[in-house]
There are 2 protein chains.
Amino acid sequence: MHELDERKTKILNAIIRNYLETGEPVGSRTISKYSDLNLSSATIRNEMSDLEEMGYIIQPHTSAGRIPSDLGYRFYVDNLIAQKDKEVTEIKEFMIERTEKMEQVLKQVVKLLANNTNYATMITAPSYHRNKVKFIQLSQVDEKQILAVIVTEGNIVKNKMIPVEEPLDNETMLKLNILLNTSLNGLSLEEINLVTIARLKEQAGIHSNIISDVLDAVAASIQEDEDLQIYTSGATNIFKYPELSDSQKASELISAFEEKQQLASLVNQTLSGEEETGIQVYIGDESPVATMKDCSVVTATYELGEGMHGTIGIIGPKRMDYENVVDNLKTLKVQLDNIFKKPKGD
Amino acid sequence: MHELDERKTKILNAIIRNYLETGEPVGSRTISKYSDLNLSSATIRNEMSDLEEMGYIIQPHTSAGRIPSDLGYRFYVDNLIAQKDKEVTEIKEFMIERTEKMEQVLKQVVKLLANNTNYATMITAPSYHRNKVKFIQLSQVDEKQILAVIVTEGNIVKNKMIPVEEPLDNETMLKLNILLNTSLNGLSLEEINLVTIARLKEQAGIHSNIISDVLDAVAASIQEDEDLQIYTSGATNIFKYPELSDSQKASELISAFEEKQQLASLVNQTLSGEEETGIQVYIGDESPVATMKDCSVVTATYELGEGMHGTIGIIGPKRMDYENVVDNLKTLKVQLDNIFKKPKGD
DNA sequence: GTTAGCACTCTCACGAATAGAGTGCTAACA
DNA sequence: TGTTAGCACTCTATTCGTGAGAGTGCTAAC
């Protein structure tokens, strides 16, 4: 396939930009009038004919204007991301006002992003894979229940109630707490293997069953996160784009959003295919999720140190405002990296 | 307004039932064929004419069949709920498999209900208003952070990280813990007033600022719940009903669902207007939420003892399967009451 | 290489025509 | 008096055809 010369590039850009704005097929006359090329519509037509042959644009029908093909978008995106480096958008730090709970930060972020872009957005909590235990505490809550609190690096807190037949005395409690902390502290959740467990139980003596329960609790609370927490927002923004909002498509898309199952595969795909910037753009069929073949999907990953990472993504029409979206994701990515990496003390 | 005689009642029922199934206006011929009245279509027409005059049914246009009016639905519902007492539906206890976390139970319930009914569903967590403190525990997690764990009756656990300049020694920690527990235990969150606080701080001495932080934490974690946690499911079921799924309406409805703000008003309404069965049916305009004037809404409240209660609701087309829905809600209500009321030990 | 002009194509919006469904009314019947 | 058959009437939804508008491709001239 031939390279595009400068004029063709300009025309292609003009077409795409125009289409991004209006959502209508754009004709030769429009380009000739609104671009700074000073070419007649006829000339534009010739060039457009070429561009179509090369696969960058498409005619929905014989006498309509042209719209960008997936390849065209791809070209535009690759071009854009290479050359643009716009100033930081209005996503301010005001959202990070000491909300300790990650869950809440995520919800805020995803909502903010949806409002900012007018597209549907999603974010996943960092997966706790390989995360390390930092602190464990057992407390007697009432006669029949012990509360186990588990804190991991990154200050994720998990609670679990453990039923017991009879209350434990303070001394035993203290001993168990010390035992648990000395044995498990600093271990990643995968490093707690049968050997560790056996030794633990041995040392716990008659209370080994409580240890079992605690470990179950640890395992359970991890498991619970393994099925991936995904927050979404702005799903109804889909209705703002006619090309997506006929009953059939909208229904499928929003279902995909609700189910979150499909989003998960998106996430996995993103995590595996890393890139320099950490931002990926899927246009149409490129998307790992079939339901979204009429959309574009932009994703970014953010880090929580220690190899833990989450994904944030935007789903919109192919004619999405890539510049704005990529920008938004870039800055968000940086900010999320900061929030979660730093010991929150700062 | 006159009472309906038996024949009119039968015909009205036939009309409504038929419409519930098909969603199409139903004509006189249909009724005469499929009901056991053995009347000709002409007779039916006469009766229908009467029913229309009385306001129970409506003609969408001159030469269409009839559809139930809001009043008609109301009659049907009132009739139905009074006389029906069907066997328990398939909602089995399998959903209650020792999931300690309320949040998860709720999510499961709402999802199950959506699957079961094919309507959009919502559920709120019980509000913690008037809930009592049962247990408080501070622990030193690392050099700069203390973890406060607060357990209330009903075993709701809240965590809060508190930053400190320098670590506290064990003894102080112990003292603070004892102080907090003896002072606050058994108090409802409203009973912790300035007097209590002042006394607490006095006793804490130089560590009074930590007490402040803990109390802030308590307040914050309550506040957080005050803006009402609502889980939803099956929003896209809306697309299954043509009369709701044109782009405009569907968009509004799903937005309402996403925003959850509007659902909140639904909840409040429900909580204030209690009824014998605890189940309320809003048809069309009766709904407290304007967005839902083309829908019917069925809500139920469940209890968690001590005056705490949550709401569960179903939103669907006016022609929803009221029998099934009410049944489902009834059994769910009972089961939720059971789950949450019992001390979980069992 | 660029442009003007023109015939051609395709979509979309509009209106007319038609089939179908259902009613209301009248007259006859039990 | 209640029920029924029959028929004219009304309204909707669908189909078809038409015309306007937008945009193209091609040719010929600059």
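In what follows, the structure referred to is the one given above.
Within each chain, residue numbers correspond to sequence positions counted from 1 in written order. To read the labels, note that chains go from A and ligands from 1, taken in the order they are written. Local features in this predicted model are restricted to residues of pLDDT 70 or higher, and side-chain atom pairs are both shown and tallied only at a pLDDT of 80 or more, whereas totals for entire chains, interfaces and linings draw on every residue. The side-chain quantities take in all heavy atoms of the structure and omit both hydrogens and water.

In this text, helices come from DSSP runs of H or I with a minimum length of four residues, and strands from runs of E with a minimum of two, each type numbered from the N-terminal end. Helix and strand counts for chain A come out as eleven helices and ten strands. Residue burial in chain A is summarised as follows: out of 346 residues, 51% are buried. Under the convention used here, a 1.4 Å probe and the Shrake-Rupley method define accessible areas, while residue burial counts only the protein chains that appear. Split by element, the accessible area of chain A, about 16600 Å² in all, is 47% carbon and sulfur. Summary of the burial criterion: residues with accessible area below 20% of their type's maximum are buried, those above 50% are exposed, and those between are partly exposed, where the area comes from a 1.4 Å probe applied to protein chains only.

What follows deals with the protein's contact with DNA strand D. When at least one non-hydrogen atom of a residue lies within 4 Å of a molecule or strand, that residue is treated as near it. If you check the shell around DNA strand D, you find 21 residues, and the closest are A:Ser28, B:Arg7, B:Thr43, B:Thr62 and B:Ser63. Take the atoms of DNA strand D that sit within 4 Å of the protein: sugar and phosphate atoms are 74% of them. At a separation of 3.4 Å, a sugar or linking oxygen of DNA strand D approaches a polar backbone atom of A:Ser63. When residues of the surface near DNA strand D are traced back to their parent elements, those giving at least two are helix 3 (41–54) of chain A together with helix 3 (41–54) of chain B. In terms of residue count, helix 3 of chain B provides more of the surface near DNA strand D than any other element does, four residues in total. For the purposes of these results, a polar contact is taken to be a pair of N or O atoms within 3.5 Å, where, inside protein, one atom must be able to donate a hydrogen and its partner to accept one; residues adjacent in sequence count only when each atom of the pair is a side-chain atom.

Within the structure, DNA strand C sits among 21 residues, and A:Arg7, A:Thr43, A:Thr62, A:Ser63 and B:Ser28 are positioned closest to it. The contact atoms of DNA strand C, taken as those within 4 Å of the protein, divide so that sugar and phosphate hold 75%. The separation between a phosphate oxygen of DNA strand C and a polar side-chain atom of A:Thr43 is 2.6 Å. In this structure, A:Ser63 approaches DNA strand C through a side-chain N or O atom, which is 2.7 Å from a base oxygen. Listing elements by their share of the surface near DNA strand C, those giving two or more residues are helix 3 of chain A together with helix 3 of chain B. Tallying contributions element by element places helix 3 of chain A first for the surface near DNA strand C, with four residues. Charged means Asp, Glu, Lys or Arg here, nonpolar means Ala, Val, Leu, Ile, Met, Phe, Trp, Tyr, Cys or Pro, and polar covers whatever is left, Gly included. Class assignment for the residues of the surface near DNA strand C results in four nonpolar, 13 polar and four charged.

The next point concerns the interface of chain B and chain A. Across the boundary between the two partners, chain B contributes 35 residues, which contact 35 residues of chain A. Once two parts are joined, some of their accessible surface, as seen by a 1.4 Å probe, is lost; buried area is that loss totalled over both. Roughly 3000 Å² of surface becomes buried between chain B and chain A when both sides are summed, with 52% attributable to carbon and sulfur atoms. For this document, the term salt bridge refers to a Lys or Arg side-chain nitrogen within 4 Å of an Asp or Glu carboxyl oxygen. Scanning the region where chain B abuts chain A turns up two salt bridges. B:Asp142 is paired through a salt bridge with A:Lys134; the nearest N and O atoms lie 2.8 Å apart. Seen at the junction of chain B and chain A, the total is ten residue pairs in polar contact (both at pLDDT 80 or more). Mapped onto the side of chain B that touches chain A, the elements with two or more residues apiece are helix 5 (102–117), strand 4 (133–142), strand 5 (145–152), strand 6 (156–163) and helix 9 (247–259) of chain B. Grouping the constituent residues of the side of chain B that touches chain A by class yields eleven nonpolar, 14 polar and ten charged. Every residue pair with non-hydrogen atoms within 4.5 Å of one another is taken to be in contact.

The subject of this paragraph is the packing of helix 6 (residues 170–184) of chain A against helix 7 (residues 194–204) of chain A. Residues and elements named next belong to chain A. The axes are straight lines fitted to the C-alpha atoms, using for helices just the contacting stretch, and the angles between their N-to-C directions are given from 0 to 180°. Where helix 6 contacts helix 7, the two axes come as close as 11 Å, and the packing angle between them is 160°. Classed by the angle they form, the pair helix 6 and helix 7 counts as roughly antiparallel. With respect to the hand of their crossing, helix 6 and helix 7 are arranged in right-handed fashion. In this structure, helix 6 contributes Leu176, Leu179, Leu180, Ser183 and Leu184 to the contact, and helix 7 contributes Thr196, Leu200, Gln203 and Ala204. Along the lines of polarity and charge, the residues of the contact of helix 6 with helix 7 split into six nonpolar, three polar and no charged. Oblique is the label for every angle not falling under 35 degrees (roughly parallel), over 145 degrees (roughly antiparallel), or within 65 to 115 degrees (roughly perpendicular). Take the far helix as the reference: if the near one is turned anticlockwise from it by less than a right angle, the crossing is left-handed, and if turned clockwise, right-handed.

Now for helix 1 (residues 6–22) of chain A. Residues and elements named next belong to chain A. With 17 residues, helix 1 should reach 24 Å at 1.5 Å per residue; the first-to-last C-alpha distance of 24 Å fits that figure. Residues of helix 1 that are buried: Lys8, Thr9, Ile11, Leu12, Ile15, Ile16, Asn18, Tyr19 and Leu20. Between a side-chain oxygen at the N-terminus of helix 1 and the backbone nitrogen of Arg7 the separation is 3.2 Å; the capping residue is Asp5. Gly23 lies just past helix 1 and shows a positive phi near 80°. Each helix should span, by expectation, one fewer than its residue count multiplied by 1.5 Å.

As a further point, take the relation of the copies chain B and chain A. In this comparison the copies share one frame, found by least squares on the C-alpha atoms of residues holding pLDDT of at least 70 in both. Expressed as a screw transformation, the operator carrying chain B onto chain A has a rotation angle of 180° and an axial translation of 0.1 Å, and the superposed copies differ by an RMSD of 0.3 Å. Look at the turn and shift together and you get a two-fold axis relating the two. Within chain B, the C-alpha atom positioned nearest to the axis of rotation is that of B:Ser247, 3.4 Å from it. Residue by residue, 100% of the interface of chain B is reproduced at the interface of chain A, so both copies engage with the same surface.

Okay, the side chain of B:Ser41 next. All names here are of chain B. In this fold, Ser41 is placed in helix 3. A relative accessible area of 17% means that Ser41 is categorised as buried. With residues near it in sequence (within four places) discarded, Ser41 still touches Ser28, Arg29 and Ser32.

It is worth spelling out the environment of B:Leu180 at this point. All names here are of chain B. Mapped onto the elements, Leu180 comes out in helix 6 (residues 170–184). Owing to a relative accessible area of 0%, Leu180 belongs among the buried residues under this scheme. The spacing of Leu180 and Leu200 is 20 residues in sequence and 7.8 Å in space, taken between C-alpha atoms. Apart from residues lying up to four places away in sequence, Leu180 is in contact with Ile136, Leu138, Asn185, Leu200, Ile211 and Val214.

The subject of this paragraph is the environment of B:Lys111. Residues and elements named next belong to chain B. Among the secondary structure elements, Lys111 is positioned in helix 5. A residue is classified by how much of its surface remains accessible, and Lys111, at 44% relative accessible area, is partly exposed. Between the C-alpha atoms of Lys111 and Glu166, which are 55 residues apart in sequence, the distance is 47 Å.

All names here are of chain B. Whether two strands pair comes down to DSSP finding at least two bridges between them. Read across the sheet, three strands follow the order 4-5-6 without closing on themselves; strand pairing throughout is antiparallel. Each edge of the open sheet is held by one strand with a lone partner, namely strand 4 and strand 6. If you compare each strand with its neighbour and ignore which way they point, the axes differ by 20° on average. Bridge count for strand 4 against strand 5 is eight bridges, and the pairing is antiparallel. Considered in strand 5, the bridge of Gln137 is made with Val149. Packing against the sheet, helix 6 makes contact with strand 4 and strand 5, and its axis sits at approximately 160° to strand 4.

The next subject is the packing of helix 1 of chain A against helix 3 of chain A. Residues and elements named next belong to chain A. Relative orientation of the contacting elements helix 1 and helix 3 amounts to 85°, with a least axis distance of 10 Å. Compared by their axis directions, helix 1 and helix 3 come out roughly perpendicular. Each of Arg7, Lys8, Ile11, Leu12 and Ile15 in helix 1 lies in contact with helix 3, whose residues at this interface are Thr43, Ile44, Glu47, Met48, Asp50, Leu51 and Met54. Split into classes, the residues belonging to the contact of helix 1 with helix 3 amount to seven nonpolar, one polar and four charged.

Residues and elements named next belong to chain B. For the structure shown, the criterion picks out 27 salt bridges over all chains. Between Arg17 and Glu323 there is a salt bridge, with its nearest N and O atoms 3.4 Å apart. One end of the pair, Arg17, is in helix 1 (residues 6–22); the other, Glu323, is in helix 11 (residues 322–341), with 306 residues separating them in the sequence. Linked by salt bridges that have partners in common, Asp5, Arg7, Lys8, Glu47 and Asp50 make up one network.

Let us look at the sheet that holds strand 7 (residues 230–233) of chain B. Residues and elements named next belong to chain B. Pairing in this open sheet of five strands is antiparallel, and the strands run 7-3-10-9-8 from one edge to the other. Of all strands in the sheet, those with a lone pairing partner are strand 7 and strand 8 (279–283), marking the two edges. The average undirected angle you get between the axes of adjacent strands in this sheet is 15°. The pairing of strand 9 (residues 295–303) with strand 10 (residues 309–317) spans nine bridges and is antiparallel. Bridged to Thr299 within strand 10 is Gly313.

Note that every value here comes from positions in space, so none of it alone points to a role or purpose.
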